[in-house]
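Okay, here's what each chain looks like letter by letter:
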Amino acid sequence: MTQAHGPADAAPATVHGHAPTGFIRKYVFSLDHKVIGIQYYFLALTAVCIGMILSLAMRIHMVWPDASIPFFGAIKPEQYLTLMTMHGTIMVFFVLTTAPQSGFGNYFLPIQIGAPDMAFPTLNMLSFWTTFLSFAVMISAFFVAGGAPLSGWTNYPTLSAIPMAGPGEGLGEDLWLISIALFCVASMMGALNFITTTLDLRAKGMTLMRMPLTCWSWFITAILGLLAFGVLLAGGILLLMDRNLGTSFFVPGGLVVSGVPVQHSGGSPLLWQHLFWFFGHPEVYIAILPGMGVASQLLSTFSRKPIFGYRAMVYAMMAIGILGFMVWGHHMFMSGMSPYSAFAFSFMTMAIGVPSAIKTFNWLGTMWKGKIRFTVPMLFAIGFVSLFVSGGLSGPFLAQPAIDIPLHDTYFVVAHFHLIMGVAAIFGIFAATYYWFPKMYGRMMNDALGKIHFVMTFVGAYCIFMPMHYLGMAGNPRRYSQFTEVKYLAPLIPIHKFITYAAIITVSAQLLFLFNFFWSMKKGKKAAQNPWEATTLEWTTATPPPHDNFGGVTPVVYHGAYEYSVPGAEKDYIMQTDPTPVPAH
Amino acid sequence: MADVAVQHSVAGAYEPSLFGTYSKKIGMWLFLLSDSLTFGALLFAYSYGRISTPNWPTPFGKASIVNATIMTVCLLSSSLTMVLGVLASKKGDHKATVRWLLATMFFGALFVVLHAKEWNGLIHEGLRPFSNPWAKNVPQFGGTFFTLTGMHMLHVTIGVCYLGVVALRKKWLPILLGIWLLGWLLTPATNVFHLGIHVLLLVAVVSAVILVLKPKVYDAHDVEIAGLYWHFVDLVWMFIFPLVYLMSTKVV
Ligand code: HEM
Ligand SMILES: [Cu+2]
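Reading the values: rules and limits
- Residues numbered from 1 in each chain as written.
- Chains lettered and ligands numbered in written order.
- Predicted model: local features only at pLDDT ≥ 70, side-chain atom pairs only at ≥ 80, totals over all residues.
- Heavy atoms only, no water.
- Axes fitted to C-alpha atoms, helices over the stretch in contact; angles between N-to-C directions.
- Helix = DSSP H or I, 4+ residues; strand = E, 2+ residues; numbered from the N terminus.
- Parallel < 35°, antiparallel > 145°, perpendicular 65-115°, else oblique.
- Contact = heavy atoms within 4.5 Å.
- Nonpolar A, V, L, I, M, F, W, Y, C, P; charged D, E, K, R; others polar.
- Phe/Tyr/Trp six-rings, centres within 6.5 Å; stacked < 30°, edge-to-face > 60°.
- Buried < 20%, exposed > 50% of the residue type's maximum accessible area, 1.4 Å probe, protein only.
- Patch = residues over 30% accessible without salt bridge, like charges linked within 9 Å, V, L, I, M, F, W, Y side chains within 5 Å.
- Areas by Shrake-Rupley, 256 points an atom, 1.4 Å probe, with all protein chains shown as cover.
- Salt bridge = Lys/Arg side-chain N within 4 Å of Asp/Glu carboxyl O.
- Donors = N, O, S within 2.8 Å, 3.2 Å for Na, K, Ca; no water.
- Tetrahedral: all angles 85-135°; square planar, octahedral: opposite > 155°, others 65-115°.
- Near = heavy atom within 4 Å.
- Polar contact = N/O pair within 3.5 Å; in protein donor to acceptor, adjacent residues only side chain to side chain.
- Core = buried A, V, L, I, M, F, W, Y, C linked by side-chain atoms within 4.5 Å.
- Left-handed = near helix turned anticlockwise from the far one by under 90°.

Caption draft 1: Main features of the packing of helix α4 (residues 77–96) of chain A against helix α7 (residues 171–200) of chain A. All names here are of chain A. Where α4 contacts α7, the axes come no closer than 12 Å and their chain directions differ by 10°. Relative to α7, the element α4 is oriented roughly parallel. When α4 is examined against α7, the residues T85, M86, T89, F93 and F94 are found in contact with a partner set consisting of W176, S179, I180 and F183. Residues of the contact of α4 with α7, tallied by class, amount to 6 nonpolar, 3 polar and no charged.

Spelled out as structure tokens, the structure:
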């Protein structure tokens, strides 16, 4: 046995039994996965605040182009593109990739599988600090000469490859690329850690098929991250070389920028699109899968029913993961690809709808005839399902080249991806926050404030993003700074105004959340050990959990995570660690 | 250190791990998986440029191919010595392990030196990341050549240093710094490796940190994991050699 499990030091180095003392080792350069999870969470919280402010500035500029916005001044068109680029980049990388996976995953994956820490705590700390550095580099792009880049979060060449191509395309663009390269490295280290932990550190009895679906989602997300970020890293290196060493991977010949001929030839901008989207599509699943895991967990817990089709849920996530690597071409229908490849990509994309639909129906099946408890986390989980469906339904349309070609680069696409990946994933984060807050801080978040927050955010999200479908179908292009001067778009301005008002209100509503979060940390009602009457391991240990999670013991697991309302059982839930056998049902 | 692996094995407190491996080995496999995707993307970029460019230059004459073949033999031999090193460490024969690891490092270092010489020759002939003397309108040739082989050379260099840490531990640091200093002083300032050699300095810093954190004798498992890395780097070369060299031999 010893042989099979390797040398003694193959284990987490932090599990020394004693928690570190001293502020720096405990809270700054901590090796404790729980502290690191919270660090990631606060990084994401900072990022989302910045991202939201940028989006408000964009929305305001769009309908009142001459308005002078505090802090931003009067926005120029190229500045709009900068805001848009940084908004998208910050949201996708530093919010949606960071909070659900690195934040909550770090905190709860080890606890939910009964491990004392991640498999490689030092690497875990390194991942966080690399992410932090990456974020600092990204933000610094705002402050260098020329400002932040304006080539969008997709960063397509040739705009992104030629320093003279725009105001932010000098140093700002280099910083963007360096930041993303660091982010890739950090994410790969994190993913490696998650996978190893899941494979190697499950407590006795915690077989793979007894894991909560949250753990499955973090595990599969980590696999996607491990495979996808390496490709973006390679693309980023090549683009940096094009910009700084004069290579021509992405730049074709014969370009003239501001009257100056460009000294590149023979490259292909499409190469970047392939590399980027080979990463980019899995990335959207990296953003949404943890939300799916959280939704599954919460819907079952608060419906007091076992999850409907546990195995189907696991296999569906695996299928999504695999198919997710075969559909990147659906972002490139406009690139002049062969209709045969377009057909193949279109077909694969439609195929991904099948496991997604399986998940949706299983969520509904879970709630069906359940004794639903409408707590705040449950509301956000239901909101997640709703947004996932609303955003998902436009997917099969965009998946068909014939429909995508007119809709491409219009607000229809903006509506689609904001609903399904933007706001849905944010709802997953909110659900997780309200659900696990009592475990993390020992207090409950305020219920009334939470409900108001939910209603405003839910209605607000629909008000912002639903009308964008109509804008898109009416031909309103995406990534344009203002529409007030354009004749054929004039009738759409009222819709734009409505969206902007909705955005201002919805963003303001997030102050409620922030207030609730920090106020409840200090003043919230003290939480019981297992306030939601859930079954998973994190609710069996102290709050907040001790340094090694279970105070020197390793839990033993006897059941899956979804033993709710088991007929004949004493209570309507059976903890995973409860040794009494579950009556057949 | 009441650590997990002890409980893991003694008390049976954990589920048996997949394939009976242990964390560090899984970790290395996963790293190699993601690294193979990075190399895969670079090879894709190369193939993409190559297929879409009609008159790709084929400059590698007999001397180049012979050189590259010798380099390949170096790597193949190093894989063999690595296997022997892993076997020796499994038997607990520390002396033999170190000897085989040093042999592996020797072949690896020879590979890098030969490669560097070749780079210098090509640069002398006029090959640049953005142009080449053989086909004026195919700047991709130099770009892909230097990226792919450079990335691989970096991996071999790191591999040699990795084995150095495993085999010699603290004693490796002064040797590494010596190599760095010699390399730096002996290459003329116009040579790319005059600058490139500073990678060793970075590696030395990282090695020092690792040695401070883990000042222990590396055991059979560590040797095995280092071996995984080493074989992977060899494997990558087995793609680069045919794709970059053999497919671009000079046609006479
Ligand atoms: C308060 C909520 C939000 C509002 C009002 C908002 C608004 C906007 C606006 C106006 C654009 C520019 C569209 C264009 O000009 O083409 C945009 C782009 C974008 N947003 Fe949001 N957004 C919000 C939340 C989010 C979230 C949560 C995400 C996370 C995925 C996100 C991701 C993106 C991305 C990826 C882009 C595309 C950037 C690009 O084209 O490169 N947004 N958003
Ligand atoms: Cu996609």
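Caption draft 2: Here's a closer look at the packing of aromatic side chains. Residue and element names in this part refer to chain A. Per the counting criterion, the structure on display carries 83 aromatic pairs over all chains. Aromatic pair Y41 and F104: ring centres 5.3 Å apart, planes at 65°, arrangement edge-to-face. You can see Y41 sitting in helix α3 (residues 33–63) and its partner F104 sitting in helix α5 (residues 98–113), a full 63 residues away along the chain. Comparing Y41 with F104 shows no difference in burial state: the two are buried.

Caption draft 3: Quick peek at a nonpolar patch on the surface. Together, L181, L182, W184, L185 and L186 of chain B line one region of the surface with nonpolar side chains, adding up to about 530 Å² of accessible area. Of note, L181 of chain B is situated in helix α6 (residues 172–186).

Caption draft 4: Representation of the coordination of the iron atom of ligand 1 within the structure. All names here are of chain A. The coordination sphere of the iron atom of ligand 1, as far as protein atoms go, consists of H87 (NE2) and H418 (NE2), spread over 2.0 Å. For the iron atom of ligand 1, the 6 donor atoms are set out with angles of 83 to 179° between them, so the coordination reads as octahedral. Here the residue H87 occupies a position in helix α4, and H418 occupies one in helix α15 (residues 411–441), the gap between them amounting to 331 residues. Judged by relative accessible area, which is 17%, H418 ranks as buried.

Caption draft 5: Region of the structure containing the coordination of the copper ion (ligand 2). All names here are of chain A. Within the first shell, the copper ion (ligand 2) binds the protein through H281 (ND1), H330 (NE2) and H331 (NE2), at distances of 1.7 to 2.0 Å. Counting the intervening residues between successive donors of the copper ion (ligand 2) yields the motif H-x48-H-H. In this pair, H281 is assigned in helix α9 (residues 269–303) and H330 in the loop between α10 (310–323) and α11 (339–367), connecting sequence segments 49 residues apart. The exposure class of H281 is buried, given its relative accessible area of 6%. Taking relative accessible area as the criterion, H330 reaches 12% and is therefore assigned buried.

Caption draft 6: Representation of the site of ligand 1 in the model. Residues and elements named next belong to chain A. Residues in close proximity to ligand 1 total 24 residues, the closest being Y80, H87, W153, H418 and R479. Y80 places a side-chain nitrogen or oxygen 2.7 Å from an oxygen atom of ligand 1. A distance of 2.5 Å separates an oxygen atom of ligand 1 from a polar backbone atom of R479. Those elements giving two or more residues to the shell around ligand 1 turn out to be α3, α4, α15 and α17 (493–523). Considering each element in turn, the shell around ligand 1 owes the most residues, 7 residues, to α4. When its residues are assigned to classes, the shell around ligand 1 shows 15 nonpolar, 6 polar and 3 charged.

Caption draft 7: Looking closely at the environment of V376 of chain A. Residue and element names in this part refer to chain A. Residue placement: V376 occurs in helix α12 (residues 376–393). Sequence separation between V376 and Y434 is 58 residues, and the spatial gap between their C-alpha atoms is 6.7 Å. Setting aside residues up to four positions removed in sequence, V376 forms contacts with Y434, D447, G450 and K451.

Caption draft 8: Spatial organisation of the nonpolar core. Residues and elements named next belong to chain A. Formed by 262 residues in total, the largest nonpolar core has its most connected members in F93, F384 and W436. The dominant element in this core, judged by the number of residues it contributes, is α15, at 20 residues. Residues contacting W436, with those up to four places away along its chain left out, are F104, F108, Q112, T214, W218, V294, E538 and W539.

Caption draft 9: Looking closely at the packing of helix α6 (residues 121–140) of chain A against α7 of chain A. All names here are of chain A. Here α6 crosses α7 at 160°, and the two axes come no closer than 8 Å. By the angle between their directions, the pair α6 and α7 is classed as roughly antiparallel. Between α6 and α7 lies a crossing of left-handed hand. In this structure, α6 uses L123, N124, L126, S127, T130, T131, L133, S134, V137, M138 and S140 to contact α7, whose residues at the interface are L175, W176, I178, S179, I180, L182, F183, A186, M189, G190, L192 and N193. Of the residues assigned to the contact of α6 with α7, the class counts are 14 nonpolar, 9 polar and no charged.

Caption draft 10: Focus on the pattern of salt bridges. The full count for this structure, using the stated rule, is 10 salt bridges over all chains. Here E224 of chain B ties to K25 of chain B by a salt bridge, and the two come within 2.8 Å at their closest N and O atoms. Here K25 of chain B lies in helix α2 (residues 23–51) and E224 of chain B lies in helix α9 (residues 220–245), a separation of 199 residues in the sequence. Grouping residues by exposure puts E224 of chain B and K25 of chain B together as buried. One salt bridge connects D222 of chain B with K216 of chain B, and the closest N-O pair in it is separated by 3.1 Å. There is no split in this pair, since D222 of chain B and K216 of chain B are both buried. Linked through salt bridges whose partners overlap, the residues forming this network are R304, R373, E533 and D572 of chain A.

That is the geometry; function is a separate question.
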